[in-house]
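So you can see what is in the structure, the chains are spelled out below.
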Amino acid sequence: MSLPKEEVEKIANLAKIALTESEISMYTKQLSDILDFVEQMNTVDTTDIIPMAHPLDATARLREDVVSESDQRDHFQNIAPQIENGLYLVPQVIE
Amino acid sequence: MHTKTLAELSSGLRQREYSSVELTQYFLDRIAKYDNKLNSFITVTNDTALAEAKAADKRLATGEADILTGIPLAHKDLFCTHGVRTSCGSKMLDNFIAPYDATVVAKCKAAGMVMLGKTNMDEFAMGSSNETSFYGPVKNPWDMNTVPGGSSGGSVAAVAANLVPIATGTDTGGSIRQPSALCGVTGLKPTYGAVSRYGMIAFASSLDQGGPITHNAEDAALLLNVISGYDKRDSTSIQQELPDYTADLNNNIKGLKIGLIKEHFGEGLDAGVNEVLNNSIKELEQSGAVFQEISLPHSHLSVPIYYIIALGECSSNLSRYDGVRFGHRCDDPQDLLDMYKRTRAEGFGAEVKRRIMLGTYVLSAGYYDAYYLKAQQIRRLISEDFKAAFKQVDVILGPTAPTTAFEIGAKMNDPITMYLSDIYTIACNLAGLPAMSIPAGFSDNMPVGLHLVGNYLKEAQILNVAHQYQQLTDWHKQKPVDFS
């Protein structure tokens, strides 16, 4: 199968990655090749097979709803690109 | 000194033949001397290493030492290390000083081990040759024109060149075992959930697993004793009594049933690798192991479905790199969307972008059932194949990788050929089974790896087979001459 260029542009937008024209044409070809390669999946009938999400089929553990971690906001914000008064700063969103 | 096993080093420390500070300085000197050509380390932590070694010497002096206290190690730069850059091989995290320790790192610290630094790796563990690292490729110590394999190529090359006695790695599709095969060292991927993933930077959460990279099976068992165990901070950690992985090393393997995977000895396997394995099988037969052929009928689908599952999970996991809370942020963003898009365009390399894009596609509306769900259904069939096989045999044996190390640059423009270098290892991650690669000989002077797969939580059993093999052979003691 060959992915249309517009589809690759749509994927890049969903993935929030800015691509150049040459990257778009490279990924259009490579992603099409990979999708061709995985096509062999469809040779297997998987009707009624339960999808396997976890190797040991474990379910999420529950725990008591109590505070178990200390507040380390300042420590964690030390490595942020931009902060002010304990808040993360990003470009203005609301005019 | 640098070719000693962990047991020998531990005994030397206890007998006061050398201190941990001396041992640490010795290996730091080797890194300084050799690593400029190998490029196996991203960060060397000289100062903290010597401070940790001093503390270890105190513990040794007061009799409060554990078996690995004072032993130097290196962590793959994917494990978060408090106060030390944790780059994951990416420009995205080039400035990321981890604010906490991964559980694996914390456990090694608590055991008194000394961290020499953080090793090079494929960017976000996405690669099979260590060529996708932002910090440049790692070289294979056996032939500097070839790759060490990936993604734990730095850890493996450092151990193979004796720059560090032992290292950690992670394995999502073969990232501990494939490079271990290509560089002639011992590497083990435990059962999914046996080693905590807390503080391991996520690639594909249902497949990722940390493990040891060592000179031999006994060393691997010793490190696994330190790093495994239940962790309440990892929601998929297994709750089990902690075994002693060294306990079964000396068991007799007479009568042990070893399965040979029919599908892994056919087309695609290099003739030289095949010949080495046939010799290994004969050697194991001499110790009484009994071989029989088994079939994993869906194994040819493991690479395609792995790429659907792993890349779907990767696209989700890597959405966190948005330039807001940590890591790279682009200059002068015009608005929020521009910041996200340029930050990610600048921070990620070509392979990571390719994988995020494909993962985004297979999870997007209208395609989820056809790709991700279908792949998860086949994942169950692959797991059932193994269950059927383990009703007939105790352990499964095959090649770790289809070829020996290939030349740097040979596969970089052909993603699918690169992906196929993990063809024999990937199924174990899909099923969650423990598996390891051990040195089995040489083909054209390059190391060949033997792949052993055990049933769930049977690490001790494959370690037993590996240890017995290493009593019979000395392939694991062969060292690259340029680093002697």
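Fair warning: this is a prediction, and the values are worked out from it, not measured in the lab. The numbers attached to residues start from 1 for each chain and follow its sequence in the written order. Chain letters start at A and ligand numbers start at 1, both assigned in the order the entries are written. Confidence filtering applies because this is a predicted model: local features only for residues at pLDDT of at least 70, side-chain atom pairs given and counted only at 80 or more, and all residues used for totals across whole chains, interfaces and linings. As a rule here, side-chain values come from all non-hydrogen atoms in the structure, and water together with hydrogens is ignored.

### Details of the overall build of chain B
Then, number 1: For chain B, the helix and strand inventory stands at 15 helices and 11 strands.
Then, number 2: With C-alpha atoms as the basis for the radius of gyration, the globule rule is written as 2.2 Å multiplied by the number of residues raised to the power 0.38. Against the globule reference of 23 Å for 484 residues, chain B gives a C-alpha radius of gyration of 21 Å, in line with a compact fold.
Then, number 3: For chain B, the spread of C-alpha atoms along the principal axes amounts to about 65 × 55 × 45 Å.
Then, number 4: Think of it in three bands: with a 1.4 Å probe and only protein chains considered, a residue is buried below 20% of the maximum accessible area for its type, exposed above 50%, and partly exposed in between. Sorting the 484 residues of chain B into buried and exposed places 66% on the buried side.
Then, number 5: Contacts are assigned to residue pairs that have any heavy atoms within 4.5 Å of one another. Counted over contacts in chain B with a minimum sequence separation of 6, partners at least 24 positions apart contribute 76%.
Then, number 6: Each charge class in chain B can be summarised by its mean position, and for the 43 positive and 52 negative side chains these summaries are 4 Å apart. Strands here are runs of E lasting at least two residues and helices are runs of H or I lasting at least four, both read from the DSSP assignment and numbered beginning at the N terminus. In summary, the charge assignment counts Lys and Arg as positive and Asp and Glu as negative, without counting His or the chain termini. A single reference atom marks each charge: NZ on Lys, CZ on Arg, CG on Asp, CD on Glu.

### Section: the overall build of chain A
Then, number 1: What chain A contains, in helices and strands, is 3 helices and 2 strands.
Then, number 2: Moving toward the C terminus, one meets the helices and strands of chain A in the order α-α-α-β-β.
Then, number 3: The principal-axis extents of the C-alpha atoms in chain A amount to approximately 55 × 45 × 25 Å.
Then, number 4: Looking at chain A as a whole, 31% of its 95 residues qualify as buried.
Then, number 5: To measure how exposed things are, a 1.4 Å probe is used in the Shrake-Rupley method; for residues, cover is taken only from the protein chains shown. As displayed, chain A offers around 6600 Å² of accessible surface, 53% of which is attributable to carbon and sulfur atoms.
Then, number 6: Positive and negative side-chain charges of chain A, numbering 7 and 18 respectively, have mean locations separated by a distance of 3 Å.

### Examining the packing of aromatic side chains
All names here are of chain B.
Then, number 1: The aromatic pairing rule takes the rings of Phe, Tyr and Trp, using the six-membered ring of Trp, and pairs them if the centres are within 6.5 Å, calling planes under 30 degrees apart stacked, those over 60 edge-to-face and the rest tilted. Scanning all chains against the criterion turns up 17 aromatic pairs over all chains.
Then, number 2: A centroid spacing of 5.0 Å and a plane angle of 50° characterise the contact between F124 and Y321, whose relative ring orientation is tilted. Of this pair, F124 sits in the loop between β3 (114-119) and α5 (153-160) while Y321 sits in the loop between α9 (302-317) and α10 (336-347), and the two are 197 residues apart along the sequence. The same class applies to F124 as to Y321, namely buried.
Then, number 3: Consider the rings of Y361 and Y371, whose centres lie 5.9 Å apart with planes at 55°: the pair is tilted. With Y361 in helix α11 (residues 350-363) and Y371 in helix α12 (residues 369-392), this pair connects stretches of sequence that are 10 residues apart.
Then, number 4: Judged by its relative accessible area of 2%, Y361 is buried.
Then, number 5: Joined through ring pairs, the aromatic side chains of F96, F124, Y321, F326 and F348 make up one cluster.

### Quick word on the interface of chain A and chain B
Then, number 1: Contacts between the two partners involve 50 residues from chain A, matched on the other side by 71 residues from chain B.
Then, number 2: Accessible area that two parts lose when put together, evaluated with a 1.4 Å probe and summed over both, is termed the buried area. Of the roughly 5400 Å² buried where chain A meets chain B, counting both sides, 68% is carbon and sulfur surface.
Then, number 3: The largest per-residue losses of area from chain A upon contact with chain B belong to M41, M52 and R61 of chain A, which jointly make up 14% of the total buried on that side.
Then, number 4: Salt bridges are defined by distance alone: a side-chain nitrogen of Lys or Arg within 4 Å of a carboxyl oxygen of Asp or Glu. Inspection of the region where chain A meets chain B yields 2 salt bridges.
Then, number 5: Notably, a salt bridge pairs R233 of chain B with E69 of chain A, separated by 2.9 Å at the nearest N-O pair.
Then, number 6: N or O atoms within 3.5 Å of each other form a polar contact, as long as, within protein, one can give a hydrogen and the other can take it, and as long as residues adjacent in sequence are counted only when both atoms are side-chain atoms. Applying the counting criterion to the chain A and chain B interface returns 18 residue pairs in polar contact (both at pLDDT 80 or more).
Then, number 7: Secondary structure elements with two or more residues in the side of chain A that touches chain B: α1 (5-14), α2 (21-38) and α3 (73-77) of chain A.
Then, number 8: Considering each element in turn, the side of chain A that touches chain B owes the most residues, 10 residues, to α2 of chain A.
Then, number 9: A per-class count over the side of chain A that touches chain B returns 35 nonpolar, 8 polar and 7 charged. Residue polarity follows a fixed list, in which Ala, Val, Leu, Ile, Met, Phe, Trp, Tyr, Cys and Pro are nonpolar, Asp, Glu, Lys and Arg are charged, and the others, Gly among them, are polar.

### Focus: helix α4 (residues 103-110) of chain B
Residue and element names in this part refer to chain B.
Then, number 1: Those residues of α4 lying buried are T103, V104, V105 and C108.
Then, number 2: On its buried face, α4 sits against β2 (72-76), β4 (167-170) and α7 (217-227).
Then, number 3: Looking one or two residues past α4, G112 carries a phi angle of roughly 85°, positive in sign.

### Thoughts on the nonpolar core
Then, number 1: Joining through side-chain atoms within 4.5 Å is the link that ties buried Ala, Val, Leu, Ile, Met, Phe, Trp, Tyr and Cys residues into a set, and such a set is a nonpolar core. Counting 159 residues, the largest nonpolar core has F124, F386 and L463 of chain B as its most contacted members.
Then, number 2: Setting aside anything within four residues of it in sequence, one finds L463 of chain B in contact with L188, A217, A220, A221, L224, Y245, L249 and M436 of chain B.

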